[in-house]
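One-letter residues, chain by chain:
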Amino acid sequence: MRKLISFAALALTPGMALADAHAAATPVEYGPRPAYLVDKLPDGALKDKLASCMGQDASKSDFSIGHRGAPLMFPEHTVQSNVAAARMGAGILECDVTFTADHELVCRHAQNDLHTTTNILVSDLAEKCTTGFTAAAGDTPASAECRTSDITLEEFRTLTPKMDSADNTATTAEDYQGGVATFRTQLYSDKADLMTHAESIDLFKSLGAKFTPELKSASVEMPHDGFSQEDYAQKLVDEYVAAGIPASDVWPQSFNLDDVLYWVENTPEFGKQAVYLVQWEDGFDEQNPETWAEDFADLKAKGVNYLAPSLNMLLTNKDGAIAGSDYAMAAKEAGLTLIAWTLERSGPLASGGGWYFQSVNDIVKDDSDYLVALDVLAQDVGVAGVFSDWPATVTYYANCMGL
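Residues numbered from 1 in each chain as written. Predicted model: local features only at pLDDT ≥ 70, side-chain atom pairs only at ≥ 80, totals over all residues. Heavy atoms only, no water.

In the annotation of an unreviewed UniProt entry, the entry for the chain reads glycerophosphodiester phosphodiesterase, and the organism field reads Sulfitobacter indolifex HEL-45. What the UniProt record of the chain gives under Sequence similarities (unreviewed entry) is the line "Belongs to the glycerophosphoryl diester phosphodiesterase family." Under the UniProt heading Catalytic activity (unreviewed entry), the note attached to the chain is "a sn-glycero-3-phosphodiester + H2O = an alcohol + sn-glycerol 3-phosphate + H(+)". (UniProt positions renumbered as here; feature names shortened; annotations may be inferred.)

Rendered as C-alpha coordinates:
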(Lines give C-alpha, C1' and ligand atoms only; values in the text may rest on other atoms or scores of the structure.)
Protein backbone atom coordinates (compact mmCIF):
# COMPACT_ATOMS: atom_id res chain seq x y z
CA MET A 1 0.00 0.00 0.00
CA ARG A 2 1.30 3.44 -0.89
CA LYS A 3 2.86 5.18 2.10
CA LEU A 4 1.92 8.87 2.17
CA ILE A 5 3.29 11.45 4.57
CA SER A 6 0.65 13.82 5.91
CA PHE A 7 2.25 16.66 7.81
CA ALA A 8 -1.10 17.56 9.31
CA ALA A 9 -1.35 14.03 10.68
CA LEU A 10 2.23 14.12 11.93
CA ALA A 11 1.38 17.22 13.93
CA LEU A 12 -0.85 15.00 16.06
CA THR A 13 1.66 12.19 16.48
CA PRO A 14 3.28 11.97 19.96
CA GLY A 15 6.99 12.79 19.85
CA MET A 16 6.76 14.29 16.36
CA ALA A 17 4.63 17.41 16.83
CA LEU A 18 5.13 19.79 13.92
CA ALA A 19 4.08 23.41 13.75
CA ASP A 20 2.09 24.30 10.66
CA ALA A 21 3.51 26.78 8.17
CA HIS A 22 2.06 29.77 10.02
CA ALA A 23 2.77 28.71 13.59
CA ALA A 24 5.43 30.01 15.95
CA ALA A 25 9.02 28.85 15.53
CA THR A 26 9.85 25.33 16.65
CA PRO A 27 10.92 25.33 20.33
CA VAL A 28 14.67 24.76 20.66
CA GLU A 29 16.50 22.74 23.31
CA TYR A 30 20.15 21.74 23.45
CA GLY A 31 19.97 18.48 25.36
CA PRO A 32 22.96 17.25 27.38
CA ARG A 33 25.67 16.97 24.72
CA PRO A 34 26.90 20.60 24.46
CA ALA A 35 27.36 20.81 28.23
CA TYR A 36 29.08 17.41 28.20
CA LEU A 37 31.59 18.67 25.62
CA VAL A 38 32.14 21.96 27.48
CA ASP A 39 32.85 20.03 30.69
CA LYS A 40 35.55 18.04 28.86
CA LEU A 41 37.38 21.14 27.62
CA PRO A 42 40.68 21.94 29.32
CA ASP A 43 40.62 25.01 31.52
CA GLY A 44 41.03 28.22 29.59
CA ALA A 45 39.26 31.09 27.85
CA LEU A 46 37.15 28.91 25.53
CA LYS A 47 35.85 26.78 28.38
CA ASP A 48 35.14 29.84 30.52
CA LYS A 49 33.18 31.49 27.73
CA LEU A 50 31.14 28.43 26.78
CA ALA A 51 30.49 27.50 30.41
CA SER A 52 29.15 31.01 31.06
CA CYS A 53 26.30 30.31 28.63
CA MET A 54 24.97 27.19 30.36
CA GLY A 55 21.83 29.00 31.47
CA GLN A 56 21.09 30.78 28.21
CA ASP A 57 17.76 30.41 26.47
CA ALA A 58 18.12 28.11 23.49
CA SER A 59 17.29 29.60 20.09
CA LYS A 60 17.62 28.77 16.42
CA SER A 61 20.75 29.74 14.47
CA ASP A 62 21.42 29.78 10.73
CA PHE A 63 25.07 29.09 11.57
CA SER A 64 23.91 25.60 12.56
CA ILE A 65 23.13 23.34 9.59
CA GLY A 66 21.53 19.93 10.03
CA HIS A 67 23.57 17.43 7.99
CA ARG A 68 20.94 14.98 6.70
CA GLY A 69 18.96 16.07 9.75
CA ALA A 70 20.46 14.67 12.96
CA PRO A 71 21.79 11.26 11.84
CA LEU A 72 23.99 10.63 14.84
CA MET A 73 20.84 9.19 16.41
CA PHE A 74 18.06 9.28 13.80
CA PRO A 75 17.87 7.62 10.35
CA GLU A 76 19.20 10.21 7.91
CA HIS A 77 16.94 12.17 5.57
CA THR A 78 13.79 11.19 7.41
CA VAL A 79 11.05 13.37 8.82
CA GLN A 80 12.11 12.44 12.34
CA SER A 81 15.79 13.24 11.76
CA ASN A 82 14.97 16.71 10.51
CA VAL A 83 12.43 17.43 13.24
CA ALA A 84 15.16 16.54 15.74
CA ALA A 85 17.65 18.86 14.00
CA ALA A 86 15.17 21.74 14.04
CA ARG A 87 14.53 21.14 17.73
CA MET A 88 18.29 21.42 18.24
CA GLY A 89 18.17 24.86 16.64
CA ALA A 90 19.47 24.11 13.15
CA GLY A 91 18.33 27.11 11.14
CA ILE A 92 19.15 25.41 7.83
CA LEU A 93 18.29 21.81 6.93
CA GLU A 94 19.58 19.59 4.14
CA CYS A 95 17.90 17.27 1.67
CA ASP A 96 20.38 15.39 -0.50
CA VAL A 97 18.47 15.11 -3.76
CA THR A 98 18.41 12.18 -6.14
CA PHE A 99 15.78 10.73 -8.49
CA THR A 100 13.65 7.62 -8.94
CA ALA A 101 13.01 5.59 -12.09
CA ASP A 102 10.17 7.98 -12.96
CA HIS A 103 12.41 11.02 -12.33
CA GLU A 104 10.78 12.15 -9.12
CA LEU A 105 13.12 13.87 -6.66
CA VAL A 106 13.63 12.22 -3.26
CA CYS A 107 15.90 12.74 -0.25
CA ARG A 108 18.76 10.20 -0.12
CA HIS A 109 22.47 10.73 0.41
CA ALA A 110 23.25 8.82 -2.78
CA GLN A 111 21.28 7.38 -5.63
CA ASN A 112 22.75 3.97 -4.84
CA ASP A 113 22.42 3.72 -1.04
CA LEU A 114 19.01 2.09 -0.57
CA HIS A 115 20.65 -1.21 0.43
CA THR A 116 22.25 0.48 3.47
CA THR A 117 19.62 3.11 4.37
CA THR A 118 16.36 1.16 3.90
CA ASN A 119 14.95 -2.35 4.21
CA ILE A 120 14.80 -2.88 0.43
CA LEU A 121 16.88 -6.09 0.52
CA VAL A 122 14.34 -7.77 2.81
CA SER A 123 11.33 -6.41 0.92
CA ASP A 124 9.47 -7.45 -2.21
CA LEU A 125 11.53 -4.85 -4.12
CA ALA A 126 14.85 -6.66 -3.60
CA GLU A 127 14.60 -8.27 -7.04
CA LYS A 128 14.64 -4.80 -8.62
CA CYS A 129 18.06 -3.87 -7.19
CA THR A 130 20.89 -3.20 -9.63
CA THR A 131 22.87 -5.90 -7.83
CA GLY A 132 21.17 -8.25 -5.40
CA PHE A 133 22.57 -9.38 -2.07
CA THR A 134 25.69 -11.53 -2.20
CA ALA A 135 26.73 -13.28 1.01
CA ALA A 136 30.18 -12.86 2.53
CA ALA A 137 32.53 -15.70 1.65
CA GLY A 138 36.10 -16.03 2.88
CA ASP A 139 37.84 -12.67 2.47
CA THR A 140 35.10 -11.35 0.18
CA PRO A 141 32.64 -9.08 2.05
CA ALA A 142 28.89 -9.20 1.60
CA SER A 143 27.61 -6.78 -1.02
CA ALA A 144 24.59 -5.31 -2.78
CA GLU A 145 23.63 -2.20 -4.71
CA CYS A 146 20.12 -0.78 -4.76
CA ARG A 147 19.37 2.53 -6.43
CA THR A 148 16.45 4.92 -6.23
CA SER A 149 16.54 4.79 -10.04
CA ASP A 150 15.74 1.06 -9.80
CA ILE A 151 12.23 1.82 -8.50
CA THR A 152 9.37 4.25 -8.98
CA LEU A 153 8.33 6.90 -6.48
CA GLU A 154 5.32 4.81 -5.50
CA GLU A 155 7.62 1.89 -4.75
CA PHE A 156 10.09 4.14 -2.90
CA ARG A 157 7.30 5.19 -0.55
CA THR A 158 6.80 1.60 0.62
CA LEU A 159 10.34 1.28 1.99
CA THR A 160 11.24 1.55 5.66
CA PRO A 161 14.30 3.70 6.45
CA LYS A 162 16.99 2.58 8.89
CA MET A 163 20.31 3.81 10.23
CA ASP A 164 22.87 3.85 7.40
CA SER A 165 24.78 0.62 7.89
CA ALA A 166 25.69 -2.79 6.52
CA ASP A 167 27.19 -5.89 8.10
CA ASN A 168 29.88 -6.87 5.60
CA THR A 169 30.27 -10.27 7.27
CA ALA A 170 26.61 -11.18 6.69
CA THR A 171 25.58 -14.39 5.01
CA THR A 172 21.90 -13.41 4.77
CA ALA A 173 20.12 -10.26 3.64
CA GLU A 174 18.54 -10.04 7.08
CA ASP A 175 21.92 -9.96 8.83
CA TYR A 176 23.20 -7.43 6.29
CA GLN A 177 20.76 -4.92 7.83
CA GLY A 178 23.09 -4.63 10.86
CA GLY A 179 26.54 -3.13 11.23
CA VAL A 180 25.47 0.17 12.84
CA ALA A 181 28.50 2.17 14.01
CA THR A 182 29.02 1.86 17.75
CA PHE A 183 28.89 5.63 18.24
CA ARG A 184 25.38 5.79 16.76
CA THR A 185 22.16 4.43 18.23
CA GLN A 186 19.03 2.66 17.01
CA LEU A 187 16.82 3.98 19.81
CA TYR A 188 15.05 6.36 17.42
CA SER A 189 14.85 4.27 14.26
CA ASP A 190 11.38 2.80 14.65
CA LYS A 191 8.75 3.82 12.09
CA ALA A 192 10.72 6.66 10.55
CA ASP A 193 9.37 8.30 7.38
CA LEU A 194 11.09 8.83 4.04
CA MET A 195 10.56 12.09 2.14
CA THR A 196 10.41 13.36 -1.38
CA HIS A 197 12.28 16.59 -2.03
CA ALA A 198 8.98 18.48 -2.30
CA GLU A 199 7.86 17.03 1.05
CA SER A 200 11.13 18.12 2.63
CA ILE A 201 10.43 21.67 1.48
CA ASP A 202 7.01 21.61 3.14
CA LEU A 203 8.44 20.10 6.31
CA PHE A 204 11.40 22.47 6.63
CA LYS A 205 9.11 25.44 6.01
CA SER A 206 6.74 24.22 8.74
CA LEU A 207 9.70 23.96 11.11
CA GLY A 208 10.78 27.54 10.40
CA ALA A 209 14.03 26.40 8.78
CA LYS A 210 15.81 27.39 5.58
CA PHE A 211 17.03 25.02 2.88
CA THR A 212 20.28 23.61 1.49
CA PRO A 213 19.49 20.84 -1.01
CA GLU A 214 22.39 18.95 -2.55
CA LEU A 215 22.08 17.67 -6.12
CA LYS A 216 23.69 14.23 -5.92
CA SER A 217 25.66 12.65 -8.74
CA ALA A 218 23.63 10.11 -10.68
CA SER A 219 24.71 6.47 -10.57
CA VAL A 220 23.07 5.96 -13.97
CA GLU A 221 24.31 7.38 -17.23
CA MET A 222 22.88 10.79 -18.01
CA PRO A 223 20.67 11.64 -19.78
CA HIS A 224 18.49 8.95 -18.21
CA ASP A 225 15.50 8.12 -20.38
CA GLY A 226 15.56 11.67 -21.73
CA PHE A 227 16.15 13.28 -18.32
CA SER A 228 19.30 15.39 -18.68
CA GLN A 229 21.64 16.75 -16.04
CA GLU A 230 20.29 20.22 -16.81
CA ASP A 231 16.70 18.96 -16.38
CA TYR A 232 17.76 17.51 -13.03
CA ALA A 233 19.36 20.75 -11.81
CA GLN A 234 16.39 22.80 -13.02
CA LYS A 235 13.81 20.52 -11.41
CA LEU A 236 15.44 21.01 -8.02
CA VAL A 237 15.01 24.77 -8.31
CA ASP A 238 11.53 24.47 -9.80
CA GLU A 239 10.26 22.68 -6.69
CA TYR A 240 11.23 25.67 -4.52
CA VAL A 241 9.58 28.06 -6.94
CA ALA A 242 6.41 25.92 -6.93
CA ALA A 243 6.38 25.97 -3.12
CA GLY A 244 6.75 29.76 -3.02
CA ILE A 245 10.12 29.66 -1.27
CA PRO A 246 12.24 32.80 -1.81
CA ALA A 247 15.62 32.14 -3.39
CA SER A 248 17.26 33.99 -0.51
CA ASP A 249 16.29 31.09 1.79
CA VAL A 250 17.89 28.42 -0.41
CA TRP A 251 21.54 27.37 -0.77
CA PRO A 252 21.60 24.70 -3.53
CA GLN A 253 24.76 22.57 -3.42
CA SER A 254 26.69 20.28 -5.73
CA PHE A 255 30.10 18.65 -6.05
CA ASN A 256 29.64 19.10 -9.81
CA LEU A 257 30.84 22.58 -10.77
CA ASP A 258 28.72 22.43 -13.93
CA ASP A 259 25.58 22.19 -11.76
CA VAL A 260 26.64 25.25 -9.78
CA LEU A 261 27.40 27.20 -12.98
CA TYR A 262 24.05 26.09 -14.44
CA TRP A 263 22.27 27.69 -11.49
CA VAL A 264 24.45 30.80 -11.71
CA GLU A 265 23.70 31.26 -15.40
CA ASN A 266 20.10 30.02 -15.68
CA THR A 267 18.53 30.68 -12.28
CA PRO A 268 20.58 33.66 -11.07
CA GLU A 269 18.53 34.37 -7.95
CA PHE A 270 19.25 30.84 -6.75
CA GLY A 271 22.69 30.83 -8.36
CA LYS A 272 24.00 33.68 -6.22
CA GLN A 273 23.75 31.33 -3.20
CA ALA A 274 24.78 28.14 -5.01
CA VAL A 275 27.41 26.21 -3.05
CA TYR A 276 30.33 24.43 -4.68
CA LEU A 277 31.22 21.39 -2.56
CA VAL A 278 34.81 20.13 -2.54
CA GLN A 279 36.60 17.49 -0.50
CA TRP A 280 40.01 16.19 0.44
CA GLU A 281 41.47 14.02 -2.31
CA ASP A 282 44.64 11.93 -2.33
CA GLY A 283 47.68 14.16 -2.63
CA PHE A 284 45.98 17.22 -1.14
CA ASP A 285 47.91 19.25 1.43
CA GLU A 286 45.99 22.06 3.13
CA GLN A 287 49.24 24.03 3.45
CA ASN A 288 50.60 23.52 -0.08
CA PRO A 289 48.93 25.53 -2.91
CA GLU A 290 50.50 23.29 -5.54
CA THR A 291 48.16 20.49 -4.41
CA TRP A 292 44.94 22.52 -4.56
CA ALA A 293 42.52 21.74 -7.39
CA GLU A 294 40.48 24.93 -7.04
CA ASP A 295 41.35 28.28 -8.65
CA PHE A 296 39.59 30.56 -6.17
CA ALA A 297 39.82 33.71 -8.27
CA ASP A 298 38.45 31.91 -11.33
CA LEU A 299 35.52 30.51 -9.33
CA LYS A 300 34.68 33.97 -8.07
CA ALA A 301 34.93 35.42 -11.59
CA LYS A 302 32.47 32.79 -12.83
CA GLY A 303 29.90 33.85 -10.24
CA VAL A 304 30.53 31.25 -7.55
CA ASN A 305 30.14 32.89 -4.15
CA TYR A 306 30.07 29.92 -1.77
CA LEU A 307 32.67 27.18 -1.32
CA ALA A 308 32.06 24.26 1.05
CA PRO A 309 35.23 22.23 1.71
CA SER A 310 35.41 19.19 3.97
CA LEU A 311 36.54 19.94 7.51
CA ASN A 312 40.04 18.53 6.97
CA MET A 313 40.73 21.10 4.23
CA LEU A 314 40.01 24.03 6.54
CA LEU A 315 42.00 22.92 9.60
CA THR A 316 45.71 22.37 10.12
CA ASN A 317 48.25 21.68 12.87
CA LYS A 318 50.19 24.83 13.69
CA ASP A 319 52.71 24.41 16.47
CA GLY A 320 50.66 21.66 18.08
CA ALA A 321 47.32 23.49 17.99
CA ILE A 322 44.31 23.33 15.67
CA ALA A 323 44.34 26.37 13.37
CA GLY A 324 42.86 27.61 10.12
CA SER A 325 44.64 26.22 7.07
CA ASP A 326 46.37 28.20 4.33
CA TYR A 327 43.79 26.73 1.94
CA ALA A 328 40.98 28.25 4.01
CA MET A 329 42.65 31.64 4.22
CA ALA A 330 43.38 31.77 0.49
CA ALA A 331 39.77 30.95 -0.40
CA LYS A 332 38.54 33.58 2.03
CA GLU A 333 40.94 36.20 0.63
CA ALA A 334 39.57 35.51 -2.86
CA GLY A 335 36.13 36.60 -1.64
CA LEU A 336 34.54 33.19 -1.30
CA THR A 337 32.17 32.55 1.59
CA LEU A 338 33.09 29.29 3.30
CA ILE A 339 30.83 26.60 4.78
CA ALA A 340 32.33 23.64 6.67
CA TRP A 341 31.27 19.98 6.68
CA THR A 342 30.84 17.86 8.77
CA LEU A 343 31.22 18.15 12.56
CA GLU A 344 30.46 15.17 14.84
CA ARG A 345 30.37 12.62 12.03
CA SER A 346 33.65 10.79 12.62
CA GLY A 347 32.80 9.30 15.98
CA PRO A 348 34.90 9.72 19.14
CA LEU A 349 37.97 11.89 18.62
CA ALA A 350 40.08 10.03 21.19
CA SER A 351 41.17 7.72 18.36
CA GLY A 352 42.13 10.60 16.04
CA GLY A 353 38.88 11.60 14.39
CA GLY A 354 39.14 9.64 11.17
CA TRP A 355 38.77 11.10 7.68
CA TYR A 356 37.24 14.43 8.72
CA PHE A 357 40.12 15.26 11.07
CA GLN A 358 43.01 13.77 9.12
CA SER A 359 44.82 17.12 8.84
CA VAL A 360 44.91 17.42 12.66
CA ASN A 361 44.47 13.83 13.84
CA ASP A 362 47.89 13.82 15.49
CA ILE A 363 46.77 16.48 17.99
CA VAL A 364 43.06 15.86 18.67
CA LYS A 365 42.64 14.16 22.04
CA ASP A 366 38.94 13.74 22.84
CA ASP A 367 35.49 14.98 21.87
CA SER A 368 36.07 18.40 23.44
CA ASP A 369 38.18 19.09 20.33
CA TYR A 370 34.92 19.31 18.39
CA LEU A 371 34.45 22.62 20.20
CA VAL A 372 38.06 23.67 19.63
CA ALA A 373 37.70 22.96 15.90
CA LEU A 374 34.37 24.78 15.83
CA ASP A 375 35.93 27.82 17.50
CA VAL A 376 38.75 27.90 14.94
CA LEU A 377 36.28 27.61 12.06
CA ALA A 378 34.14 30.42 13.41
CA GLN A 379 36.71 32.84 14.77
CA ASP A 380 39.82 32.28 12.63
CA VAL A 381 38.49 30.95 9.34
CA GLY A 382 35.22 32.90 9.54
CA VAL A 383 32.94 30.27 8.03
CA ALA A 384 29.30 31.23 7.45
CA GLY A 385 27.95 27.94 8.77
CA VAL A 386 28.84 24.44 9.91
CA PHE A 387 27.13 21.18 9.05
CA SER A 388 26.79 18.72 11.92
CA ASP A 389 25.29 15.30 12.54
CA TRP A 390 24.26 16.63 15.97
CA PRO A 391 23.33 20.29 15.39
CA ALA A 392 22.78 21.16 19.07
CA THR A 393 26.54 21.52 19.58
CA VAL A 394 26.88 24.08 16.78
CA THR A 395 23.70 25.89 17.85
CA TYR A 396 24.90 26.20 21.44
CA TYR A 397 28.28 27.52 20.35
CA ALA A 398 26.77 29.99 17.86
CA ASN A 399 24.31 31.41 20.39
CA CYS A 400 26.95 31.67 23.11
CA MET A 401 29.31 33.52 20.76
CA GLY A 402 26.59 35.76 19.33
CA LEU A 403 26.96 34.50 15.76
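Engineer: Just to check I follow, could you spell out the overall build of the chain for this structure?
Structural biologist: Scanning the chain from terminus to terminus reveals 16 helices and 15 strands. Relative to a compact globule of 403 residues, whose C-alpha radius of gyration would be 22 Å, the chain shows 21 Å and is just as compact. Burial statistics for the chain: of 403 residues in total, 56% are counted as buried. Long-range pairs, those at least 24 residues apart, make up 73% of the contacts in the chain with a sequence separation of at least 6. Of the roughly 16,300 Å² that the chain leaves accessible, carbon and sulfur atoms contribute 49%. (Helix = DSSP H or I, 4+ residues; strand = E, 2+ residues; numbered from the N terminus. Rg over C-alpha atoms; globule rule 2.2 N^0.38 Å. Buried < 20%, exposed > 50% of the residue type's maximum accessible area, 1.4 Å probe, protein only. Contact = heavy atoms within 4.5 Å. Areas by Shrake-Rupley, 256 points an atom, 1.4 Å probe, with all protein chains shown as cover.)

Engineer: Would you mind going over the pattern of salt bridges with me for this structure?
Structural biologist: Between side chains of opposite charge, pairing is possible as soon as their charged atoms come close. The full count for this structure, using the stated rule, is 16 salt bridges. A salt bridge links Lys 47 to Asp 43, with the nearest nitrogen and oxygen atoms 3.8 Å apart. With relative accessibility at 19%, the residue Lys 47 sits in the buried group. Take Asp 43: its relative accessible area is 73%, and that puts it in the exposed class. If you follow the salt bridges from partner to partner, you end up with Arg 33, Glu 344 and Asp 367 in one network. (Salt bridge = Lys/Arg side-chain N within 4 Å of Asp/Glu carboxyl O.)

Engineer: Any chance you could explain unusual backbone geometry here in plain terms?
Structural biologist: Phi is mostly negative for residues that are not glycine, and the peptide bonds are mostly trans. Residue Pro 223 follows Met 222 across a cis peptide bond; omega there is -5°. Within the fold, Pro 223 resides in the loop between strand S8 (214-215) and helix H9 (229-242). Residue Thr 342 is reached from Trp 341 by a cis peptide bond, and omega for that bond is -5°. If you trace the backbone, Thr 342 turns up in strand S14 (residues 337-343). Positioned with a positive phi, Asp 319 is a non-glycine residue whose angle comes to about 55°. Mapped onto the fold, Asp 319 is located in the loop between strand S12 (315-318) and strand S13 (321-324).

Engineer: How do you make sense of the UniProt feature "domain: GP-PDE" (unreviewed entry) in the chain when you look at a structure like this?
Structural biologist: Under the UniProt annotation, "domain: GP-PDE" (unreviewed entry) lies at residues 62-398. Here residues 62-398 runs as 29% helix and 17% strand, with 9 Å between its end C-alpha atoms.

Engineer: How should the packing of aromatic side chains be read in this particular structure?
Structural biologist: For any pair of aromatic rings, the description rests on two quantities: the centre-to-centre distance and the angle between the ring planes. Taken as a whole, this structure holds 18 aromatic pairs when the rule is applied. Where Tyr 30 meets Tyr 396, the ring centres are 5.1 Å apart and the plane angle is 80°; that geometry is what we call edge-to-face. One end of the pair, Tyr 30, is in the loop between helix H1 (7-10) and helix H2 (33-40); the other, Tyr 396, is in helix H16 (residues 392-401), with 366 residues separating them in the sequence. Judged by relative accessible area, which is 4%, Tyr 396 ranks as buried. Site record: aromatic cluster; members linked through ring pairs are Trp 280, Phe 284, Trp 292, Phe 296 and Tyr 327. (Phe/Tyr/Trp six-rings, centres within 6.5 Å; stacked < 30°, edge-to-face > 60°.)

Engineer: Explain H2 here, please?
Structural biologist: Because an α-helix packs 3.6 residues into every turn, residues spaced three or four apart end up facing the same way. Of all the residues in H2, the buried ones are Arg 33, Pro 34, Leu 37 and Val 38. Taken end-on, H2 shows its buried residues confined to a sector of 140°, consistent with a single buried face. Contacts from the buried residues of H2 go to helix H3 (45-51), helix H15 (369-381) and H16. (Arc of directions from axis to C-beta.)

Engineer: How do you make sense of helix H8 (residues 197-206) when you look at a structure like this?
Structural biologist: Burial analysis of H8 places 7 of its 10 residues in the buried class, which makes it a mostly covered element. What H8 keeps buried is the set His 197, Glu 199, Ser 200, Ile 201, Leu 203, Phe 204 and Ser 206. Remark: Gly 208 follows H8 within two positions and exhibits a positive phi of approximately 75°.

Engineer: Help me out: how do you make sense of the state of the cysteines in this one?
Structural biologist: Taken as a whole and judged by the stated rule, the model has 3 disulfides. The disulfide that involves Cys 95 links it to Cys 107, with 2.1 Å between the sulfurs. Taking the torsion about the sulfur-sulfur bond, which here is approximately -110°, the covalent link between Cys 95 and Cys 107 counts as left-handed. Residue Cys 95 is located in the loop between strand S2 (90-93) and strand S3 (96-99), and its partner Cys 107 is located in strand S4 (residues 105-107); the two are separated by 12 residues in the primary sequence. The exposure class assigned to Cys 95 is buried, which follows from its relative accessible area of 2%. Bridging Cys 129 to Cys 146, the disulfide has an S-S length of 2.1 Å. Taking the sign of the S-S torsion, about 95° here, the bridge from Cys 129 to Cys 146 comes out right-handed. One end of the pair, Cys 129, is in the loop between helix H5 (114-117) and strand S5 (131-134); the other, Cys 146, is in the loop between strand S6 (143-145) and helix H6 (153-156), and 17 residues separate them in sequence. By relative accessible area, Cys 129 is classed as buried at 9%. Accessibility expressed as a relative area gives 0% for Cys 146, which makes it buried. Here the cysteine-cysteine linkages of the chain are recorded as 1-6, 2-3, 4-5, numbering only bonded cysteines and doing so in sequence order. (Disulfide = S-S within 2.5 Å.)

Engineer: Before we go on, may I ask you to explain the packing of H8 against H9 in this structure?
Structural biologist: Any two packed helices are characterised by how steeply their axes cross, that is the angle between the axes, and by the distance between the axes. Look at H8 against H9: their axes get within 10 Å of each other, and the N-to-C directions meet at 40°. The angle between the axes of H8 and H9 places the two elements in the oblique class. In this structure, H8 crosses over H9, and the sense of that crossing is right-handed. Every residue of H9 that contacts H8 at His 197, Ala 198 and Ile 201 is listed here: Leu 236, Glu 239 and Tyr 240. (Axes fitted to C-alpha atoms, helices over the stretch in contact; angles between N-to-C directions. Parallel < 35°, antiparallel > 145°, perpendicular 65-115°, else oblique. Left-handed = near helix turned anticlockwise from the far one by under 90°.)

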